[in-house]
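Below, each chain spelled out in residue letters.
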Amino acid sequence: MLVVGLTGGIATGKSTVSALLRTHNLPIVDADVLARKVVEPGTPALAAIVRAFGPGVLRADGTLDRAALGALVFAGGADGGAARAKLNAIVHPAVRREMAWAVLRCWWRGERVCVLDVPLLVEGGLWKWVGKVVVVYCSAELQLQRLMKRDGSSREDASGRLDAQLPIAEKVRYADVVLDNSGSLQDLERQVDQLVQRLVKEAGWQWRLSWLCPPLGVASAIWTIGWRALRRSQKAGGRKKSGKQRQ
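Here goes a summary of the coordinates provided. Per-chain numbering applies: the sequence of each chain, read as written, is numbered from 1 onward. Per-residue local features of the predicted model are confined to residues with pLDDT of at least 70, and side-chain atom pairs are confined, for both listing and counting, to 80 or more; whole-chain, interface and lining totals are unaffected and use all residues. By convention in this description, side-chain values take in all heavy atoms of the structure and omit both hydrogens and water.

1. Some thoughts on the pattern of salt bridges
Then, in step 1: For this analysis, a salt bridge means a side-chain nitrogen from Lys or Arg found within 4 Å of a carboxyl oxygen belonging to Asp or Glu. Tallied over the entire structure, the rule returns eleven salt bridges.
Then, in step 2: When the shortest N-O distance is used, the salt bridge between Asp117 and Lys14 registers 2.5 Å. Here Asp117, found in strand β3 (residues 113-117), pairs with Lys14, found in helix α1 (residues 14-23); they are 103 residues apart in sequence, far enough to count as distant. Grouping residues by exposure puts Asp117 and Lys14 together as buried. Counting from the N terminus, the helices are the DSSP runs of H or I reaching at least four residues and the strands are the DSSP runs of E reaching at least two. Type-normalised accessible area, obtained with a 1.4 Å probe on protein chains alone, sets the label of each residue: buried when under 20%, exposed when over 50%, and partly exposed for intermediate values.

2. Regarding the pairing of strand β5 (residues 177-180)
Then, in step 1: Taking every second residue as pointing to the same face, the buried face of β5 carries Val177 and Leu179, while none of Val178 and Asp180 on the other face is buried.
Then, in step 2: For two strands to be treated as a pair, DSSP must find no fewer than two bridges joining them. Two elements, strand β4 (residues 132-137) and β5, share four bridges in a ladder whose sense is parallel. When the sheet's bridge partners are listed, Val134 is paired in β5 with Val177.

3. Considering the packing of aromatic side chains
Then, in step 1: Pairing of aromatic rings covers Phe, Tyr and Trp, the last counted by its six-membered ring, and requires centre-to-centre distances within 6.5 Å; plane angles under 30 degrees mean stacked, over 60 mean edge-to-face, and any other angle means tilted. Per the counting criterion, the structure on display carries two aromatic pairs.
Then, in step 2: Working rule: Lys NZ or Arg CZ, within 6 Å of ring centre, within 35 degrees of ring normal, means a charge sits over the ring. In this structure, Lys86 packs its charged tip against the face of Phe53, placed 5.6 Å from the ring centre.

4. Some thoughts on the layout of surface pockets
Then, in step 1: Approximately 1500 Å³ is the volume found for the largest pocket.
Then, in step 2: Lining the largest pocket are 45 residues; nearest its centre among them are Asp32, Phe74, Pro119, Arg161 and Gln165.
Then, in step 3: Among the secondary structure elements, those contributing two or more residues to the lining of the largest pocket are α1, α2 (31-37), α4 (66-73), α5 (77-109), α6 (140-151) and α7 (155-163).
Then, in step 4: If you tally residues by element for the lining of the largest pocket, the top one is α5, at nine residues.
Then, in step 5: Class assignment for the residues of the lining of the largest pocket results in 22 nonpolar, twelve polar and eleven charged. A cavity here means a set of 1 Å grid points, computed over protein atoms only, where a 1.4 Å probe fits but cannot escape. A pocket is an open set with protein on both sides within 12 Å along at least 5 of 7 lines, and lining residues have an atom within 4 Å of a point. Grid points are joined across faces, edges and corners, and a volume is the space filled by probe spheres set on the points. As a working rule, the residues Ala, Val, Leu, Ile, Met, Phe, Trp, Tyr, Cys and Pro are called nonpolar, Asp, Glu, Lys and Arg charged, and the rest polar, with Gly in that last group.

5. Observations concerning the pairing of β3
Then, in step 1: The buried fraction of β3 is high, at five of five residues.
Then, in step 2: Because side chains alternate across β3, one face comprises the buried residues Val113, Val115 and Asp117, and the other comprises Cys114 and Leu116, equally buried.
Then, in step 3: Here strand β1 (residues 2-8) runs beside β3; their pairing, made up of five bridges, is parallel. Across the sheet, residue Leu6 finds its bridge partner in β3, namely Asp117.
Then, in step 4: In the sheet, strand β2 (residues 28-30) pairs with β3 via three bridges, with the strands oriented parallel. From the neighbouring strand, Ile28 faces β3, where its bridge partner is Val115.

6. Comments concerning the sheet that holds β4
Then, in step 1: An order of β2-β3-β1-β4-β5 is seen for the five strands of this open sheet, with the pairing classed as parallel. Whereas interior strands pair on both sides, the edge strands pair on one side only; in this sheet they are β2 and β5. Sheet twist, expressed as the mean angle between neighbouring strand axes with direction ignored, is 20°.
Then, in step 2: Every residue pair with non-hydrogen atoms within 4.5 Å of one another is taken to be in contact. In this description, a line fitted to the C-alpha atoms serves as the axis of each element, helices being fitted only across the stretch in contact, and the angle between N-to-C directions of two axes falls anywhere from 0 to 180 degrees. Seen against the sheet, α1 touches β1, β2, β3, β4 and β5 and runs at an angle of roughly 150° to β1.
Then, in step 3: Relative to the sheet, helix α9 (residues 185-203) contacts β1, β3, β4 and β5, its axis offset from that of β5 by approximately 165°.

In structure tokens, the structure reads:
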């Protein structure tokens, strides 16, 4: 089974791409959905969040007040950065466990391709564990304008949210496939159609062998992870070398 990591930046159109992939009957494991699930009332993650940030992040009915928590983690300066790190340390492990089970269920059903929709695929290091990374891209200025329009926020507030994330140009460096969402919806649909054809072709017939023979699937996954780690280290070395040459 080919496991694909789908990511992007806020307001770049990742959710639109995810919805388009669903129309092609590809299973989507949505990290945002799982992130809400793991902080439902009574979960260990929610209890840990309350211990870390105080009861002020809870609503009267005991559910998580995302606006109150967001005000803390998206605050500027060192305090905001420390709060984000603390929150990620609580939520990310719980989400990863849920994602692992979801991928396993896809494999058990005999799916050829499984898509992990993960906003922090790069930041959380999960890109190392997928067979292909797809990044949904648009320019930083277009991203800012879309975010302001979507949320009705000021330029200052929108810029603060973008500054709290890894720049989309950085994420592109990790991509095997880049979907440019700077144009129309029709253009994006065309790119997604081409992507699906490519993924199905690359999955080939080996996915069935991996399904029928689990040890073969494990060996294939280890090979993919090792190859991606080697290729990433080579790219990193190349960037360092080119940087020294420019100096």
